[in-house]
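# Descriptive structure summary
Okay, here's what each chain looks like letter by letter:
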Amino acid sequence: MTQVLRLGLPAGSLQEATAELFRRAGYKLSFTSRSYYPSIDDPEIHCTLIRAQEMARYVRDGSLDCGLTGYDWIVENDAQDDVVELAELVFSKVSRRPVRWVLAVPQDSPIHTEQDLQGKRIATEVVNITQRWLAQRGITAQVEFSWGATEVKPPRLADAIVEATETGNSLRANNLRVVAEILTSTTRFIAHPAAAADPWKRQKMDDLVLMLRGAMAAEGKVGLMMNVRKVDVEKVLQVLPALQKPTISALSDPEWVDVMTIIDEDVVRHLIPRLKAAGACGIVEYPINKIIM
Ligand SMILES: Nc1ncnc2c1ncn2[C@@H]1O[C@H](COP(=O)(O)OP(=O)(O)OP(=O)(O)O)[C@@H](O)[C@H]1O
Ligand SMILES: O=P(O)(O)OC[C@H]1O[C@H](OP(=O)(O)OP(=O)(O)O)[C@H](O)[C@@H]1O
Ligand SMILES: [Mg+2]
């Protein structure tokens with residue numbers, strides 16, 4: 001009997017970025033409209049699209065072996081102790097930065113400090129996180145669940161909001177000012193404890209995580225290779241960024257070597273002219289798909 005790993009993929013803000021990451025990790029993932037079962041070119045993985053808010057719940061009860069979701073929703077569902085976190089993957093909807101949940105108010109609001117929230121109305125999708133945060137500070141306020149589009153609520157429908165921000169565009173567009181940061185969140189790969197303890201499922205998940213991490217590590221990196229006369233090797237190595245350990249291989253001509261290294265793509269245009277001036281020739285820049293440490 002073929003074994004199957006039941007994997008939950010996050011619908012919503014993380015969906016596109018997750019799909020793109022899987023593709024770069026070497027998995028062909030495709031969504032068909034209205035279907036919540038994306039197809040993947042691995043018969044041993046069965047994917048289900050689930051809202052990020054509910055992922056921890058279905059991984060916790062074992063309906064899914066594993067899934068990707070935000071740390072925020074793991075905390076909001078109080079599931080930290082019931083699921084096994086196999087990886088932190090730092091990506092959000094549009095960037096490679098964490099999401100910040102902030103408490104925000106209109107620019108001209110009288111609320112300036114945490115204590116000013118006493119007795120106020122706060123709208124948010126993360127009611128539990130907000131209530132816990134207020135309780136830790138001894139503040140009593142009315143926390144109301146918001147179904148979304150939370151930024152429009154102040155000042156008429158709420159005094160303050162607790163909302164996710166990534167680029168800050170939504171806060172700016174709605175003239176909101178940040179009073180406090182409540183939580184930072186990144187994407188996590190979580191598993192049900194029984195799945196994490198099952199040797200076949202664990203291996204399958206570890207392999208998946210390895211490839212996802214490898215694809216993320218390669219982002220923004222390129223490979224460089226070049227021919228260098230032995231007498232120029234020291235000069236060329238001095239141009240390459242510190243912390244790099246370039247590979248130096250022999251060529252058929254004993255006076256020359258081949259130097260290979262991986263560098264940040266954004267320094268390439270600065271480095272290549274200097275490498276050439278230091279004596280490198282036949283310089284080739286190539287894309288990198290994965291880096292496995
Ligand atoms: N720019 C972002 N905005 C909101 N959530 C983000 C963003 N980037 C990453 N996330 C993460 O995505 C998850 C929220 O996705 P989810 O599908 O639950 O809601 P949503 O994106 O708000 O859906 P909807 O499209 O219905 O508003 C959270 O874990 C959050 O941390
Ligand atoms: O700081 P930014 O880059 O602007 O991103 C944050 C915004 O993106 C999300 O909204 P979403 O698209 O999920 O819409 P929603 O309000 O319906 O949840 C989130 O809820 C914020 O509103
Ligand atoms: Mg949203």
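Higher on the page you've got the structure.
Each chain has its residues counted from 1, following the order in which its sequence is written. As a convention, the first chain written is A and the first ligand written is 1, with the rest following in written order. Local features in this predicted model are restricted to residues whose pLDDT is 70 or higher, and side-chain atom pairs enter the listing and the counts only when it is 80 or higher, whereas totals over whole chains, interfaces and linings include all residues. As a rule here, side-chain values cover all heavy atoms of the structure and leave hydrogens and water aside.

Turning to the packing of aromatic side chains, a few remarks are in order. Note on aromatic pairs: the rings of Phe, Tyr and Trp (six-membered ring only in Trp) are paired at centre separations within 6.5 Å, and the planes decide the class, stacked below 30 degrees, edge-to-face beyond 60, tilted for the rest. All chains considered together, the criterion is met by 3 aromatic pairs. Between Trp73 and Trp101, the aromatic rings sit 6.2 Å apart at their centres with planes inclined by 90°, giving edge-to-face as the arrangement. Of this pair, Trp73 sits in helix α3 (residues 71–76) while Trp101 sits in strand β7 (residues 99–106); the two residues are 28 residues apart in sequence, bridging distant segments of the chain. Just as Trp73 is buried, Trp101 falls in that class too. Counting from the N terminus, the helices are DSSP H or I runs at least four residues long and the strands are E runs at least two residues long. Partly exposed describes any residue whose relative accessible area lies between the buried limit of under 20% and the exposed limit of over 50%, with all areas from a 1.4 Å probe on protein chains only and scaled to the type maximum.

This part takes up the sheet that holds strand β1 (residues 5–11). The strands making up a sheet associate through hydrogen bonds between their backbones, and the pairing can be parallel or antiparallel. Two strands pair if DSSP finds at least two bridges between them. With mixed pairing, the 5 strands of this open sheet are ordered in space as β4-β1-β5-β12-β6. Because the sheet does not close on itself, it has two edges, and the strands there are β4 (45–51) and β6 (84–89). Here the average twist between neighbouring strands, direction ignored, is 25°. Sheet strands in contact with helix α2 (residues 52–60) are β1, β4, β5 (66–70) and β12 (187–191), and its direction is about 130° off that of β4. Against the sheet, helix α7 (residues 199–217) contacts β1, β4, β5, β6 and β12, and its axis sits at roughly 15° relative to β6. Between N-to-C directions, angles span 0 to 180 degrees; the directions come from axes that are lines fitted to C-alpha atoms, helices contributing only their stretch in contact. Whether two residues touch is decided by their heavy atoms; if any such pair falls within 4.5 Å, the residues are in contact.

Here we take up the site of ligand 1. Residues are labelled near a given molecule or strand when at least one of their non-hydrogen atoms is within 4 Å of it. Around ligand 1, the surrounding shell holds 15 residues, and the nearest of these are Ala11, Ser13, Gln53, Asp72 and Glu166. For the purposes of these results, a polar contact is taken to be a pair of N or O atoms within 3.5 Å, where, inside protein, one atom must be able to donate a hydrogen and its partner to accept one; residues adjacent in sequence count only when each atom of the pair is a side-chain atom. Ala11 places a main-chain nitrogen or oxygen 2.7 Å from an oxygen atom of ligand 1. Surface accessibility in these figures is a Shrake-Rupley result with a 1.4 Å probe; residues are shielded only by whichever protein chains are displayed. Isolated, ligand 1 exposes 610 Å² of accessible area, and the fraction of that covered by the protein chains is 74%. For the shell around ligand 1, the elements supplying multiple residues, two or more each, are α2 and α3. Gly is put with the polar residues, along with every residue not named as nonpolar or charged; the nonpolar set is Ala, Val, Leu, Ile, Met, Phe, Trp, Tyr, Cys and Pro, and the charged set is Asp, Glu, Lys and Arg. Looking at the shell around ligand 1 residue by residue, the classes come out as 5 nonpolar, 6 polar and 4 charged.

Attention now goes to the pairing of strand β15 (residues 256–264). As paired elements, strand β13 (residues 221–229) and β15 share 9 bridges and run antiparallel to each other. From the neighbouring strand, Leu224 faces β15, where its bridge partner is Thr261. In textbook terms, the turn of a hairpin is the stretch between consecutive antiparallel strands, and for strand β14 (residues 247–250) and β15 this stretch comprises 5 residues.

Remember, this is a structural readout, not a statement about activity or role.
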